[in-house]
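Read off the chains here:
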Amino acid sequence: MLLVLVTLFPIVDPLGGSPFFLALPREYSPEARKALSWRIAVNSFSLLVATYFIGTYVLAFFGISLPVVQVGGGLIVIATGWSLLKPRDDEKQGVEKTVQPQDAIRRAFYPLTLPLTVGPGSISAALTLGANAALHHAYHPLTILAALIGLALIAVSILLCYGFADRLARILGPTGMTVITQLSSFLLVCIGVQITWNGAKALIESVTLHIR
């Protein structure tokens, strides 16, 4: 359990992800944000559990390598950050629009759960933990229980950090929110570039070794 927490919590980093959650369009009502934070936590738990226990077999079945996952996830992060940076047509025209909880939940998995909360780094770490557990403990019931508890605690931390993000928004005010939104969007693009580069670098190195 401690191994899962120590390994995945710094990578998932729900505290660091809170500004990106705050960078959501302002038409999200408080109820929609609460529903969204709960759904993201559930989705993150489900995704991490699936990755931990069957992720290695799924990637092997489709013939997908981790560097490819990094490149694909990085491109999605770049696209998401860029879309948040650009003002949309309804914002330019001053159109007021409110997103209801049921509409927000539809957007909870992509891109808010994957890849913003549980990204390529978290997936690769969970894959490694799951593969090691299967190798050394053959998925003993206590090992499974400890892993599930550790992953559940990470999901709870996501729920708490995202759920209290609205209070931070009220403290910052409209001007502070604008600064946070633009800065977080720019950092999101930079993070996406870094993730993409990490995957591309690994692919280039594998090609170089193959040629040699």
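Residues numbered from 1 in each chain as written. Predicted model: local features only at pLDDT ≥ 70, side-chain atom pairs only at ≥ 80, totals over all residues. Heavy atoms only, no water.

Caption draft 1: Highlighting the nonpolar core. Counting residues in hydrophobic clusters, the biggest one holds 37 residues, and the most contacted among them are Val4, Leu8, Ile40 and Tyr52. Ranked by residues supplied to this core, first place goes to helix α3 (residues 30-62) with 10 residues. Discounting chain neighbours no more than four positions away, the residues touching Val4 are Phe9, Tyr52, Leu129, Ala147, Gly150, Leu151 and Ile154. (Core = buried A, V, L, I, M, F, W, Y, C linked by side-chain atoms within 4.5 Å. Buried < 20%, exposed > 50% of the residue type's maximum accessible area, 1.4 Å probe, protein only. Helix = DSSP H or I, 4+ residues; strand = E, 2+ residues; numbered from the N terminus. Contact = heavy atoms within 4.5 Å.)

Caption draft 2: A look at the packing of aromatic side chains. Tallied over the full model, the rule gives three aromatic pairs. Between Phe21 and Tyr162 the ring centres are 4.9 Å apart and the planes differ by 15°, which places this aromatic pair in the stacked class. Within this pair, whereas Phe21 is found in helix α2 (residues 14-22), its partner Tyr162 is found in helix α9 (residues 141-163), the two being separated by 141 residues in sequence. Of the residues examined, Phe21 reaches a relative accessible area of 2% and is grouped as buried. According to the relative accessible area criterion, Tyr162 is buried, its value standing at 5%. Taking the centre distance of 5.1 Å and the plane angle of 90° together, the rings of Phe61 and Phe62 count as edge-to-face. When sorted by exposure, Phe61 lands in the same class as Phe62, which is exposed. Its end group placed over the ring of Phe21, Arg33 keeps NZ or CZ at 5.9 Å from the ring centre. (Phe/Tyr/Trp six-rings, centres within 6.5 Å; stacked < 30°, edge-to-face > 60°. Lys NZ or Arg CZ within 6 Å of the ring centre and 35° of its normal.)

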